[in-house]
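# Fold and geometry: a report
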Amino acid sequence: MAEVKKHYDEYQKYNTQIFALSVDTPEKSNPLKKDMKLPFELLCDVEKKVIKRYGLLNPYEHGGIAYPAVFIIRPDGKIGYRSLDGTAKRVDISETIEFIKKLKEDPEHETHSQSKKKWIFPSPINSIKAIKNIFFTSTLKDYTYLLLTPFVLLKMVGTKLKR
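Residues numbered from 1 in each chain as written. Predicted model: local features only at pLDDT ≥ 70, side-chain atom pairs only at ≥ 80, totals over all residues. Heavy atoms only, no water.

Along the protein, the regular secondary structure elements total seven helices and eight strands. Within the protein, the fraction of its 163 residues that count as buried is 20%. Entry remark: accessible area of the protein is about 12,300 Å², with carbon and sulfur atoms responsible for 58%. (Helix = DSSP H or I, 4+ residues; strand = E, 2+ residues; numbered from the N terminus. Buried < 20%, exposed > 50% of the residue type's maximum accessible area, 1.4 Å probe, protein only. Areas by Shrake-Rupley, 256 points an atom, 1.4 Å probe, with all protein chains shown as cover.)

To continue, consider the nonpolar core. Membership of the largest hydrophobic core comes to 16 residues, with the highest contact counts inside it found for Val4, Tyr11, Ile18, Phe40 and Ile72. Contributing elements (two or more residues each) for this core: helix 2 (8-13) and helix 5 (93-105). Ranked by residue count, the leading element in this core is helix 5, at five residues. (Core = buried A, V, L, I, M, F, W, Y, C linked by side-chain atoms within 4.5 Å.)

Take the pairing of strand 1 (residues 19-22) next. Note that strand 1 and strand 2 (residues 41-44) share four bridges and pair parallel. Bridge pairing in strand 2 places Ala20 opposite Leu42. Tracing the backbone out of strand 1, into helix 3 (residues 26-36) and back to the parallel element strand 2 gives a crossover that is right-handed. (Pairing = 2+ DSSP bridges. Right-handed = clockwise from strand over helix to strand, strands pointing away.)

Between side chains of opposite charge, a pair can form when the charged atoms approach closely. For the structure on display, the rule yields five salt bridges. Between Lys6 and Glu3 there is a salt bridge, and its shortest N-O distance comes to 3.6 Å. Of the two residues, Lys6 and Glu3 are both situated in helix 1 (residues 2-6); the distance of three residues between them amounts to about one turn of the helix. Residue Glu3 is classed as partly exposed on the basis of its relative accessible area, which comes to 29%. (Salt bridge = Lys/Arg side-chain N within 4 Å of Asp/Glu carboxyl O.)

Counted according to the given criterion, the structure contains three aromatic pairs. Seen from their ring centres, Tyr81 and Phe99 are 5.3 Å apart, and the 45 degrees between their planes marks the pair as tilted. Residue Tyr81 is found in strand 6 (residues 79-84), and its partner Phe99 is found in helix 5; the two are separated by 18 residues along the sequence. In this structure, Tyr81 and Phe99 share a single accessibility class: buried. (Phe/Tyr/Trp six-rings, centres within 6.5 Å; stacked < 30°, edge-to-face > 60°.)

Moving on, we get to a nonpolar patch on the surface. A cluster of nonpolar side chains, namely Phe19, Leu21, Leu43, Val50, Tyr54, Ile73 and Ile79, defines an oily patch on the protein surface of about 580 Å² accessible area. Residue placement: Phe19 occurs in strand 1. (Patch = residues over 30% accessible without salt bridge, like charges linked within 9 Å, V, L, I, M, F, W, Y side chains within 5 Å.)

Geometric descriptors of this kind do not, in isolation, establish any biological role.
Dropping the structure here:
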């Protein structure tokens, strides 16, 4: 979201609306939007209907959250661009801007290529903030997930092997 915020003006040149989607309630999302000074809307999918429909549900983390992803919906309502990302590896934002430029010229433009993902490494300041969050704002539920992570990983591997 921070990367999109940084390039928000470039998206606006192409009359693009931006939304972020999460499983959080409005009570959690609104302060985040305010704190990060986000110029776009944060949509709340508390029941995870949209996230499931788009195949983005990560059931192994915090009781089910969305995998990071980028979708660009063409003017005709069809998905023209899709990038399913990971927490530390995301699509390069310049690729999405380039796609929108081409979409402006050709409203039916779409891409099927696998985009190159760039690794995201937190700055030392953000690393310190994350560690503080773990120790000072985590709940018992968060610690439970942390302790169960090895078992969840084994379950994921087992599920993959069964296929």
